[in-house]
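Spelled out, the chains give:
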Amino acid sequence: MENMSIVSLKQANIFQGNTLVLNNVNLEVEKGEFIYMIGKTGTGKSSLLKTLYGELYLKEGEGNVAGFDLKELSWQKIPLLRRNLGIVFQDFRLLTDRDVYHNLEFVLKATGWKDKNLMKEKIENVLSKVGLKNKGSKMPYEMSGGEQQRVDIARALLNNPKLILADEPTGNLDPDTTDEIMQLLFNICRDYQTAFIMATHDYSIIQKYPARVVRIEHGLVKEISAAGV
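Read on for an overview of the structure.

Criteria and thresholds
- Residues numbered from 1 in each chain as written.
- Predicted model: local features only at pLDDT ≥ 70, side-chain atom pairs only at ≥ 80, totals over all residues.
- Heavy atoms only, no water.
- Phe/Tyr/Trp six-rings, centres within 6.5 Å; stacked < 30°, edge-to-face > 60°.
- Helix = DSSP H or I, 4+ residues; strand = E, 2+ residues; numbered from the N terminus.
- Buried < 20%, exposed > 50% of the residue type's maximum accessible area, 1.4 Å probe, protein only.
- Lys NZ or Arg CZ within 6 Å of the ring centre and 35° of its normal.
- Axes fitted to C-alpha atoms, helices over the stretch in contact; angles between N-to-C directions.
- Parallel < 35°, antiparallel > 145°, perpendicular 65-115°, else oblique.
- Left-handed = near helix turned anticlockwise from the far one by under 90°.
- Contact = heavy atoms within 4.5 Å.
- Pairing = 2+ DSSP bridges.
- 1 Å grid on protein atoms, 1.4 Å probe; cavity = no way out; pocket = protein on both sides within 12 Å on 5 of 7 lines; lining within 4 Å.
- Points joined across faces, edges and corners; volume = space filled by probe spheres on them.
- Core = buried A, V, L, I, M, F, W, Y, C linked by side-chain atoms within 4.5 Å.
- Nonpolar A, V, L, I, M, F, W, Y, C, P; charged D, E, K, R; others polar.

Topic: the packing of aromatic side chains
Right, on to step 1. Counted by the stated rule, this structure contains 4 aromatic pairs.
Right, on to step 2. Here the aromatic rings of Phe-34 and Phe-196 are separated by 5.2 Å at their centres, their planes lie at 15°, and the arrangement is stacked. Residue Phe-34 is located in strand β3 (residues 34-38), and its partner Phe-196 is located in strand β8 (residues 195-199); the two are separated by 162 residues in the primary sequence.
Right, on to step 3. Accessibility expressed as a relative area gives 6% for Phe-34, which makes it buried.
Right, on to step 4. Sitting above the plane of the Phe-15 ring, Lys-59 keeps its charged end 5.0 Å from the centroid.
Right, on to step 5. It is Arg-93 that lies over the ring of Phe-89; its NZ or CZ is 3.9 Å from the centre.

This is the structure in structure tokens:
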């Protein structure tokens, strides 16, 4: 039977430089599962996410993400790992000197796409998924925060990722826009069986859109129920 785990960490110690940030992390994330990661600023949420996408090296313990062994992750393999992941940021990180279409095309070219027609088809497809059909010619500054976050999500979907890592994706959005983005993320999770790990400070989101919760505190990752936040 196929292993459905997209993320598997066993007795993993997460370091930032030589500083131990998280101790003895055990975490399994299955295909199509949505997980919230909560914890105060500075507790290690970002360090854990960076380890999962290969920015921080896993020195101790076992780790596997989307079929890649994190202990065996050479710099040549990191782009291959990231092709299986999507990353959504709080501050959008769109290129301000080009329109939405060329923001997305830039990512496709950077991850090895060559065929112009296939790229056009893919870009139209992801824009349609996030409700921005016909917005490809818009510049980022012409868009609302919610629309820019949808572009960021579209960018994360370009390579059909098995896992999306979302770092405070609603942190800069008003409550109504936050609702729209959360509904979109849950729909993607359900419809495409994409696993999500979402770091957030906003406990009201977890109450409204319940899912599995892990809390990071005192250097440990603990499983808690949504009711326990």
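Anyway, onward from the coordinates.
Digging into the packing of helix α5 (residues 145-157) against helix α6 (residues 175-192)
Any two packed helices are characterised by the angle at which their axes cross and by the distance between the axes.
Right, on to step 1. The N-to-C vectors of α5 and α6 enclose an angle of 15°; their axes lie 10 Å apart at closest approach. As far as their axial angle goes, α6 and α5 are roughly parallel. In the crossing of α5 with α6, the sense of the turn from one axis to the other is right-handed. In contact with Gly-146, Gln-149, Arg-150, Ile-153 and Leu-157 of α5, α6 contributes Thr-177, Glu-180, Ile-181, Leu-184, Leu-185 and Ile-188.

Some words on the sheet that holds β3
Right, on to step 1. Sheet architecture is open: 6 strands sit in the order β6-β7-β8-β3-β9-β10, paired in mixed fashion. Strand pairing shows two members of the sheet lacking a second neighbour, β6 (85-88) and β10 (220-224), which therefore form its edges. Strand-to-strand twist of the sheet, defined as the mean angle between neighbouring strand axes without regard to direction, takes the value 20°.
Right, on to step 2. Strand direction decides the pairing type here: β3 and strand β9 (residues 212-217), joined by 4 bridges, are parallel. The residue bridging Ile-35 from the neighbouring strand is Arg-212, located in β9.
Right, on to step 3. Taken strand by strand, α5 contacts β6 and β7 (163-167), and its axis lies near 165° from that of β6.
Right, on to step 4. Those strands touched by α6 are β3 and β8, and its axis lies near 135° from that of β3.

A few points about the layout of surface pockets
Right, on to step 1. Within this model, the largest pocket holds a volume of roughly 820 Å³.
Right, on to step 2. Every residue lining the largest pocket is counted, 32 residues in all, and those nearest its centre are Arg-82, Ile-87, Phe-89, Val-107 and Arg-155.
Right, on to step 3. Counting residues per element, the ones that place at least two in the lining of the largest pocket are α1 (45-52), α2 (78-83), β6, α3 (100-110), α5 and β7.

Quick notes on the nonpolar core
Right, on to step 1. Phe-34, Tyr-36, Leu-104, Ile-153, Met-182, Leu-185 and Met-198 are the most contacted members of the largest nonpolar core, which has 40 residues in total.
Right, on to step 2. Mapped onto this core, the elements with two or more residues apiece are β3, α3, α4 (116-129), α5, β7, α6, β8 and α7 (203-208).
Right, on to step 3. Leu-22, Leu-52, Phe-68 and Leu-70 belong to the second largest nonpolar core, which has 32 residues in total.

Overview of the packing of α3 against α5
Right, on to step 1. Viewed as axis vectors pointing N to C, α3 and α5 meet at an angle of 30°, and their least axial separation amounts to 10 Å. As judged from the angle between their axes, α3 and α5 are roughly parallel. The element α3 and its partner α5 pack so that their crossing is right-handed. Counting all contacts with α3, which are made through Val-100, Leu-104 and Val-107, the residues of α5 involved are Val-151, Ala-154 and Arg-155.
Right, on to step 2. Looking at the contact of α3 with α5 residue by residue, the classes come out as 5 nonpolar, no polar and 1 charged.

Quick word on the side chain of Thr-194
Right, on to step 1. By secondary structure assignment, the location of Thr-194 is in the loop between α6 and β8.
Right, on to step 2. Residue contacts for Thr-194: discarding those within four places in its chain leaves Gly-32, Glu-33, Pro-161, Lys-162, Leu-163, Ile-164, Ile-188 and Cys-189.

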